[in-house]
Amino acid sequence: MPVFNQSRQNVIRLIFVATFLVIVARLFMLQVVSSKYQIQAMDNAVYKKVVYPDRGIIYDRKGRPILNNTIIFDLMVTPAEIKNVDTNYLCNLLAIDTAEFNRRMKNVLFKNRNRYLASVFEDLLPPDMQAKLEENIWRFPGFTLVERPIRAYPYHAAAHLLGYIGEVDSAILRRSKFFYQLGDYVGRSGLEQYYESVLMGQRGMQHLIKDNRNRIQGSWENGKYDTAAIAGRSLRTYLDIDLQLLAEKLMTNKVGSIVAIDPKTGGILAMASGPGFDPNDLTGPEKQKNYAKMVLDVSGPLLNRAINGRYEPGSTFKPLGGLIALDEGVITPSYGYPCLGAYTACGKVIKCEHKEPGHAANLRLALSHSCNSYFSQVYRLSVDNAQYHGVKNGYMKWKQYMNAFGLGHRLDIDLPGEDSGNIPDTSVYNKDYRGQWNSCTNVTLGIGQDKMQVTPMQLANAMCIIANKGYYYIPHIAEKFDGEAPNDSLLAKFRERHEVLTHISDEAYEAIHSGMQDVVESGTAAAAKIPGINICAKTGTAEKYTILDGKRIKLPNNSMFVCFAPRENPKIAIAVAVENAGFGATWAAPIASLLLEKYLNDTLRTERLKEVERISSANLMPAYLKRKQFVEDSTRAYYYFNLTKDTGYLRKFYKDVKQKADSARKSVPKTIPQKSPAIINKNKYDSAGNKNPKT
Amino acid sequence: MNQNSPTISRGVDWSIVWMYLFLCVIGIMSIFAATYHEGDNVLQSFLSFKTDYSKQSLYFLIAIILGTVILLTDSKFFTATANLFYLFGIILMFLVFPFHSRIKGTESIIKLGLFNLQPAELCKVFVNLALAKYLSQQDTDFSKTKSQLIAAGLVLFPAVLSRLQSETGLALVYFSFFIVMYREGLPGAVLVIGFSLAVLVVATLLLEPNTLAIILTAIAIISIYFLRRQIKRKRKIFFLVMGLWVLCVGVQRFAVPFFFDHALEPYQVKRIYDAIGRDYVPKNQAQAEQVMKEEEKSKKKSGDDGNYNVRQSKIAIGSGGVLGKGLLKGTQTRYGFVPEQRTDFIFDTIGEGFGFLGSFIFLMLYLILLLRIVTVAERQRSVFSRCYAYGVAAVIFFHITINIGMAIGLVPVIGIPLPFVSYGGTSLLTFSIMLFILVRLDADRQMVLR
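Residues numbered from 1 in each chain as written. Chains lettered and ligands numbered in written order. Predicted model: local features only at pLDDT ≥ 70, side-chain atom pairs only at ≥ 80, totals over all residues.

Focus: the overall build of chain B
Then step 1. The number of helices and strands found in chain B is 19 helices and two strands.
Then step 2. At a minimum sequence separation of 6, the contacts of chain B that also span at least 24 residues come to 69%. (Helix = DSSP H or I, 4+ residues; strand = E, 2+ residues; numbered from the N terminus. Contact = placed C-beta atoms within 7 Å.)

See the structure below:
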């Protein structure tokens, strides 16, 4: 047989082997040397799903949950799976029209660019709509109902202090050094924000397998790399939800605030701010709408006036003034002042409510009668104290006392965004009066006016210090949280006793206590009396002004009230401020009295329920707010009109512009021409109208 | 062995049969891994022959029965009918033009009831037989150019027909028979020239036309400089070099663009460009539209651009690592990221599931089979059997190289199956018939067949 070309078999073998070597070398490069393909395969097929933990629950002092989690449903749609859907029927159930349906479908497709991915068609379904959809969901292939946990407030109360949660924004992301991820919900105000680290829990991670169309196919590696979500820890608070509900009820249709603190612990028992809102309004299906409405309301329902409202304490300051003078030794409890209805020692006249001689014969009487002359004089004695050599040093000493009482600086309570109030420095007076001022210049500080401003929280805390005879705990809402480790420092500062004014003698405190008790027994706040309980209290009435339409007008006085009880063993200290409501004794005192009775006796006498009704049904919303709202709304409408040239923005204001303006003007009681050019906040109002300078 | 009863086992090379069976089983398993879905009732779907792996098993069964029948046939039958079969094959190929069914967009399939026949695939066996027959004829002197041309025509005629049916991959397979011709005396220069031509074509695609022309000119000038003494003695060499230079530049300048414009579909040109990693710029509107259309098609299938297949295939194989992810654990192959993976990209299942080690063993199995076939070929007494055996080796080799090369991104995407492993009845049966004829011929290796 032919033997020629025999050698070529080896060439062919060589070709085969060489080719296979090339393939094996390439495989070696792909599979062994290069590692990028493993990563790419992971990116292709493994979907890392974040599992959100349940947030912690917030309980009141008796273990009742006041902030809870609940589930609401979103309607999701997967465009690729839609088959024979009765669009009209679905639109009926959702209460939308077909055009809206088509618009949303287009939107979903545009946003996703993937027909196989589910996205939200309608979020946060109202319960009745959800029930109807649940029954009929089989009719709509491609549509599914998906659970979504949200916060719920079973008592519909304590909106301001509980706060709300919202999606993280880029600022929070950066501040957290990207601990949070886009789409996370974090506390944005109140306790939710302050105790975020406790309440949030720990995110879990699920590894799921997806196919080439991003459809989930099951878990990856049987969940070997999955981590479970750890639920947030629950918060136990001092809050008494019954007391809170009563406080909020009493504040309906009023602008102002109530703070109740347990002086023995600093625990906040109740904290209400009016006007308020139902916290559930900011979680459910209508949350965007409700939020927009509230944020544009000039009465400021979103503002927590307990820590953000600045008030002149008025006469409620007098016990503090008395204590300072006693401690400085410029007066004794038997010190008297011959007041005949006015204080004239400074040239200008400071009126007093009492004319009869002897109503300020000693400290106790002066306090119970709330004698303006007496405490003006006491203030001047304190700051003009000879041992400090000059009014400026004396004033600084007086300011030190103020700061010790917790006024003029933040208390550092466990809520974000607390206001510091205002106790001015000498530099402020030096600037205003070019250094030429004396104790007469700011003599009304002695009766809680002038530049002095406090928050209701500070006022209630000052009452705690008086009740405790010199010490206090920083007011706080949270008592403890579940699973608290011994070295958790979050609550440590609230458990520390601050002995700020314990150097003041017991006798001085007793003298003040007696005076404050007389306020209720025989003085200005007789309406607040509760049989069987010794209450120490002080009413206050502070003058208010605001700027409206470029004019400075005097508003009805703020009604203020502070108290603590029982005198022998204080269990609760309350501060109440009701704006533009008149005398302290008229509204603030009965409100505080009802709260005292509710807390100390655990219940209200039946005849007192009528009082609750009377107060809660009274509408004390300041009349000027209507005009302010109108000015705000129309200004904004004009702004948008200028942007869009759409007269629709303006039309509704033209229609009733005349009658609205008339009624607003009529309701404003008295206008005073603007005197001082120093007033600059013409269009910047603060919702309480509080920041206006005084004479 | 019982001498009296006619036994099929006498003389059979069992090593080839075992390797064949092993490869077929790997194939069925790979198809199973590629198409199985979590929760499928394996037994039920297997018995209903609805799934791809059960269908493939059925084809495997048919292939074994056919193989047994072939082993029972007399070897002389194949030499006697070789030319007849070739004629039959060519007629079948022609029948495709009027009778082809339009499935999968190809024009090469005749629908015969349940079975889809692809003559271009089957014809490989007939061409192999006919080529062996022609080369083994006593009056054939393969050292003559005329015989070489006849053999080449014999092989390339079905290739042209395949190309006319838009089966470029199968058309290219017929070129593998040049290995047989090389073994039988085709000058090695032909292969070298063929290889050089391939290099030139790739260089044409990779380099700017002018740059390449300058390089070629430089090579010519340098050659002339080094050969100046020989040129002085023999003028012919100078003209040879000049002629080669003209030829190369001609190929680079005119032949390749002409070939790409007229012989290949624009999408195929694009795939070639993809494989060498360059962007294809269509020359005119019509071409651009066709490429777009083709892209659209593959986009619908896979949701990405035309290069998507190869990229996903590389990810699948690359992510297998050294030891692989294990059977049914490959995320790429199980969740539809690799398109066409039961047929063209079946190697991905092995690469991802069993890693470098598994792939290496798998490749070695193929290599051993090929080398075994070469050994078997060389022990034949008759030229017919030897040529036929080389033909089998060449075809299988070509299929493996192109298919796996395509899966790992070495070769442009040309849809040809992996022998014995890829899903497809015609392909499995063709390769089985081919191999069993070889085993039959080898069993009679002492005989002289003509």
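What follows picks up the thread again.
Thoughts on the overall build of chain A
Then step 1. The helix and strand tally for chain A stands at 24 helices and 21 strands.
Then step 2. Taken across its 695 residues, chain A has 40% of its residues classed as buried.
Then step 3. In chain A, once contacts between residues fewer than 6 apart in sequence are set aside, the share between residues at least 24 apart is 73%. (Buried ≥ 20, exposed ≤ 12 C-beta atoms within 10 Å, placed from the backbone.)

Re the packing of helix 3 (residues 52–72) of chain B against helix 19 (residues 425–443) of chain B
If you want to describe how two helices pack, look at the angle between their axes and the distance between the axes.
Residue and element names in this part refer to chain B.
Then step 1. Contact pair helix 3 / helix 19: the axes reach a minimum separation of 9 Å and the direction vectors enclose 25°. Classified by the angle between their axes, helix 3 and helix 19 sit roughly parallel to one another. Considering the relative orientation of helix 3 and helix 19, their crossing is right-handed. On the side of helix 3, the interface is formed by Tyr-59, Phe-60, Ile-62, Ala-63, Leu-66, Gly-67, Ile-70 and Leu-71, while helix 19 contributes Gly-425, Leu-428, Leu-429, Ser-432, Ile-433, Phe-436, Ile-437, Val-439 and Arg-440.
Then step 2. Taken together, the residues of the contact of helix 3 with helix 19 sort by class into 13 nonpolar, three polar and one charged. (Axes fitted to C-alpha atoms, helices over the stretch in contact; angles between N-to-C directions. Parallel < 35°, antiparallel > 145°, perpendicular 65-115°, else oblique. Left-handed = near helix turned anticlockwise from the far one by under 90°. Nonpolar A, V, L, I, M, F, W, Y, C, P; charged D, E, K, R; others polar.)

Concerning the sheet that holds strand 8 (residues 204–210) of chain A
Residue and element names in this part refer to chain A.
Then step 1. Taken in spatial order, the three strands of this open sheet run 1-8-9, and their pairing is antiparallel. In the strand order of this sheet, the two ends are held by strand 1 (46–51) and strand 9 (216–219), each with one partner. Here the average twist between neighbouring strands, direction ignored, is 40°. (Pairing = 2+ DSSP bridges.)

Some thoughts on the interface of chain B and chain A
Then step 1. Contacts between chain B and chain A engage 37 residues on the former and 31 residues on the latter.
Then step 2. Among the secondary structure elements, those contributing two or more residues to the side of chain B that touches chain A are helix 8 (178–183), helix 15 (308–318), helix 16 (331–334), helix 17 (347–378) and helix 18 (383–407) of chain B.
Then step 3. Here the side of chain B that touches chain A takes 10 residues from helix 17 of chain B, the largest share from any one element.

So, the pairing of strand 8 of chain A
Residues and elements named next belong to chain A.
Then step 1. As paired strands, strand 1 and strand 8 are joined by six bridges and run antiparallel to one another. Bridge pairing links Val-50 to Met-205 in strand 8.
Then step 2. Counting the residues between successive antiparallel strands, the hairpin from strand 8 to strand 9 contains five residues, one of them, Asn-214, with a positive phi of roughly 65°.

Considering helix 1 (residues 8–33) of chain A
What sets the pattern is the α-helix's 3.6 residues per turn: residues three or four places apart point alike.
Then step 1. With 26 residues, helix 1 of chain A should reach 38 Å at 1.5 Å per residue; the first-to-last C-alpha distance of 36 Å fits that figure.
Then step 2. Burial in helix 1 of chain A covers these residues: Ile12(A), Phe16(A), Phe20(A), Ile23(A), Leu27(A), Leu30(A) and Gln31(A).
Then step 3. In the core, the buried residues of helix 1 of chain A are packed alongside helix 2 (36–45) of chain A together with helix 8, helix 15, helix 17 and helix 18 of chain B. (Expected span 1.5 Å × (residues − 1).)

Considering the confidence of the model for chain B
Residue and element names in this part refer to chain B.
Then step 1. Looking at chain B, the pLDDT average stands at 84 and 91% of residues meet or exceed 70.
Then step 2. Across chain B, element-level confidence peaks in helix 17 with a mean pLDDT of 95 and bottoms out in helix 14 (residues 285–302) with 63.
Then step 3. Confidence drops under pLDDT 50 across residues 1–5; counting only partners more than four residues distant or on other chains, this segment forms four contacts.
Then step 4. Interface confidence in the predicted complex, given as ipTM, is 0.87; pTM for the same model is 0.68. (pLDDT = per-residue confidence, 0-100.)

Regarding the packing of helix 15 of chain B against helix 17 of chain B
Residues and elements named next belong to chain B.
Then step 1. Running from N to C, helix 15 and helix 17 cross one another at 35°; their axes reach a closest spacing of 7 Å. Residue-level inspection shows Ser-313, Ala-316 and Ile-317 of helix 15 in contact with helix 17, the latter providing Asp-348, Gly-351 and Glu-352.
Then step 2. Looking at side-chain class alone, the contact of helix 15 with helix 17 contains two nonpolar, two polar and two charged residues.

So, unusual backbone geometry
Then step 1. Of the consecutive residues Gly274(A) and Pro275(A), the connecting peptide bond is found in the cis state with omega at -5°.
Then step 2. If you trace the backbone, Pro275(A) turns up in the loop between strand 12 (267–274) and helix 11 (287–295).
Then step 3. Omega for the bond connecting Ala565(A) with Pro566(A) falls within 30 degrees of zero, at -15°, which places this linkage in the cis form.
Then step 4. Relative to the helices and strands, Pro566(A) resides in the loop between strand 19 (551–565) and strand 20 (572–578).
Then step 5. Even without being glycine, His156(A) reaches a positive phi, approximately 55°.
Then step 6. Its location among the elements puts His156(A) in the loop between strand 5 (143–152) and helix 6 (159–162).
Then step 7. For Phe420(B), which is not a glycine, the phi torsion comes out positive at approximately 70°.
Then step 8. By secondary structure assignment, the location of Phe420(B) is in the loop between helix 18 and helix 19.

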